[in-house]
Amino acid sequence: MPIIALRGETDWDGWRAAVRALVLTGIPPEAVGFTVDPARHAPPPEAAGGFAVPRALIALAAQAIQARDPGRFALLYDLVWRAHAGAPVLEDRADPALRRAGRLAYAVRAEAHRMRAALRYLDAEGRWVGWYAPRHFVLEANARLLAQWFPDRPTSILTPDAGAHWDAAGPRFGPGVAAAAVPDDAALVGLWANFGAELLATAGPGFGLPPAEVFEEPRHAPDAARPFPVVLPVALDPDLAAAAEDAAGCARCPLAGPATQTVFGEGPAAPRLMLIGEQAGDQEDVIGRPFVGPAGQLLDRALEEAGIDRRAVWVSNVVKHFKFTWQGKRRLHQTPQAAEIEACRFWLDVERVRLRPPLLVLLGATAARALLGRAVTVGRERGRVLRLPDGAPALVTVHPSFLLRVPDAAAQAREYAAFVADLRVASGYAG
Ligand code: URA
């Protein structure tokens, strides 16, 4: 039986070229095998002619080929072979091969999403470097998508299978890094300092996979015109990392349905402060991290001015899903209801109990009301340390998105200065 040797686990171009040649030379699925072996890879012989398969099948194959399942190449060839012969493979929902491919594609989409949400980056001399161990081979397609979203941010994502890099020269792919080599953030920075140049130099064009989501329903990609959110390096406390995983599947209230994902808090294991906002916003929902959109950028600037390193604080929200309503193609923020806040309190409590921050900074009326357990007029109670009903110290201030809405520049400057002053009080208290 001829064996097709592909160049890599996601050799999309290689698989397509092989499948085209196999179909055109009349070799059925049962007469051929597939393996991944770059050393034995050979381009398929030229075959004259052509044929078409439904675009939806190509879409399915482009996703399912990223599954960590050795049988996927043959499975997908079987579908292409039958589709080329005119069988209505996509229409027969009971077709076992179609169902299996559908399950693989689903798992790949879920993992691609999870990877984008879970990735943390460290600043390694101007390049953002992250490490992640994906359950499926989603690195290339994901990196192509992220490189489109954030082209101006030189980034390298390392996984045990491969590495992806992008900058002005566009996306490139190369060797990966084993988990044992990067036990913690410091090791990752050290590894990059020692081997980063080599990893970049050995990277090549990849296997031609389309960016993740190309074949999916358009989601809520950040508007290209918006600046890249400031994303700061964080290492999640292992217990909180486990809680974050659990929260990812949270369905304690109906907000989980329409939202893209749970946006758990993030920060160091022993934070100086815990900042609590209202709920994930539009960009937070897409990226999977709190305060990375416009309000987050303003918050970052104010923290810096107040002398607070964002890497030293835990940033979270009262409600961990984005609540919105559609207006045309735009998703408009909606204030969460008391029941939604109550349902989500579980996760906030997990964060608080685990982190025991010296001071909570309650950003805006929703967070203040949720934690103080009473109506709060922010203007009256801001800027001084209060006690929550459970005795924990907390400081109320405005929400950064309030500052974004102040209409005139002079008032905005005043409000911003007052916000920074509140943060300085918080910083002084936390020591
Ligand atoms: N507003 C919030 O309250 N939280 C976020 O994470 C983003 C915007």
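Computed from a predicted model, the values in this text were never measured in an experiment.

Participant: How should the overall build of the protein be read in this particular structure?
Facilitator: Helix and strand counts for the protein stand at 14 helices and 14 strands. Sequence separation of 24 or more characterises 74% of the internal contacts of the protein that already satisfy a separation of 6 or more. For the protein, the accessible surface area stands at approximately 19,200 Å², while carbon and sulfur atoms represent 56% of it. Distance between charge centroids for the protein: 4 Å, based on 47 positive and 47 negative side chains.

Participant: Quick question: what am I supposed to make of the packing of helix 9 (residues 294–305) against helix 14 (residues 409–430) here?
Facilitator: Two packed helices can be described by the angle between their axes and the distance between those axes. It is the contact of helix 9 with helix 14, at a shortest axis distance of 9 Å, that shows an interaxial angle of 60°. Looking at the two axes, helix 9 sits oblique to helix 14. Handedness of the helix 9/helix 14 crossing: right-handed. Of helix 14, the residues touching helix 9 (which contributes Leu298, Leu299, Arg301, Ala302, Leu303 and Glu305) are Tyr416, Phe419, Val420, Leu423 and Arg424. Of the residues contributing to the contact of helix 9 with helix 14, the split by class is eight nonpolar, no polar and three charged.

Participant: I tried to follow the pattern of salt bridges on my own but got confused; where do I start?
Facilitator: Here the idea is simple: oppositely charged side chains can pair when their charged atoms come close. Across all of its chains, the model carries 23 salt bridges by this definition. Residues Arg172 and Asp167 are paired through a salt bridge, measuring 2.9 Å at the closest nitrogen-oxygen approach. Each member of the pair, Arg172 as well as Asp167, is classed as buried. One continuous salt-bridge network, built from bridges that share partners, spans Glu266, Arg289, Asp300 and Arg310.

Participant: Help me understand the site of the ligand in this model?
Facilitator: Every residue near the ligand is listed here: Gly277, Glu278, Gln279, Gly281, Glu284, Pro290, Phe291, Asn317 and His399. A distance of 2.8 Å separates a nitrogen atom of the ligand from a polar backbone atom of Gln279. A distance of 2.6 Å separates a nitrogen atom of the ligand from a polar side-chain atom of Asn317. Taken by itself the ligand offers 230 Å² of open surface, and the protein chains cover 92% of this. Across the shell around the ligand, the residue classes break down as two nonpolar, five polar and two charged.

Participant: When you look at unusual backbone geometry in this model, what are you seeing that I'm missing?
Facilitator: For residues other than glycine, phi is negative in most cases, and the peptide bonds are mostly trans. Despite not being glycine, Glu125 shows a phi value in the positive range, around 50°. By the element assignment, Glu125 lies in the loop between strand 3 (121–124) and strand 4 (127–131). In this model, Phe291 sits at a positive phi of 50°, which is unusual for a non-glycine residue. Within the element layout of this structure, Phe291 appears in the loop between helix 8 (282–287) and helix 9. Using a relative accessible area of 4% as the deciding quantity, one classes Phe291 as buried.

Reading the values: rules and limits
Note on numbering: residues in each chain are counted from 1, in written sequence order. A pLDDT threshold of at least 70 governs which residues receive local features in this predicted model, and a stricter bar of 80 or more applies before side-chain atom pairs are shown or counted, although totals over entire chains, interfaces and linings include all residues. Hydrogen atoms and water are omitted, and side-chain values are computed over all heavy atoms in the structure. Working definition: helices are DSSP H or I runs of at least four residues, strands are E runs of at least two. Numbering for both runs from the N terminus. Note on definitions: a residue-residue contact is assigned when non-hydrogen atoms from the two residues lie within 4.5 Å. Reported accessibility uses the Shrake-Rupley method at a 1.4 Å probe radius. Residues are deemed covered only where the shown protein chains occlude them. Charge convention: Lys and Arg are scored as positive, Asp and Glu as negative, and His as well as the terminal groups of each chain are ignored. Just so you know, the charge point we use is NZ for Lys, CZ for Arg, CG for Asp and CD for Glu. The convention used is that axes are lines fitted to C-alpha atoms, helices contributing only their stretch in contact, and that angles between N-to-C directions extend from 0 to 180 degrees. Angular relationships are summarised with four words: roughly parallel below 35 degrees, roughly antiparallel beyond 145, roughly perpendicular across 65 to 115, and oblique for the angles in between. Here a crossing is taken to be left-handed if its near helix is turned anticlockwise relative to the far helix by less than a right angle, and right-handed if that turn runs clockwise. Charged means Asp, Glu, Lys or Arg here, nonpolar means Ala, Val, Leu, Ile, Met, Phe, Trp, Tyr, Cys or Pro, and polar covers whatever is left, Gly included. In the sections that follow, a salt bridge refers to a side-chain nitrogen of Lys or Arg positioned within 4 Å of a carboxyl oxygen of Asp or Glu. The rule is simple: take the accessible area with a 1.4 Å probe, protein chains only, and divide by the maximum for that residue type; under 20% is buried, over 50% is exposed, in between is partly exposed. Think of it this way: one heavy atom of a residue within 4 Å of a molecule or strand is enough to make that residue near it. Throughout this description, a polar contact denotes any pair of N or O atoms lying within 3.5 Å of each other; where both atoms belong to protein, one of them has to be capable of donating a hydrogen while the other can accept it, and for residues adjacent in sequence the pair is counted only when both atoms sit in side chains.

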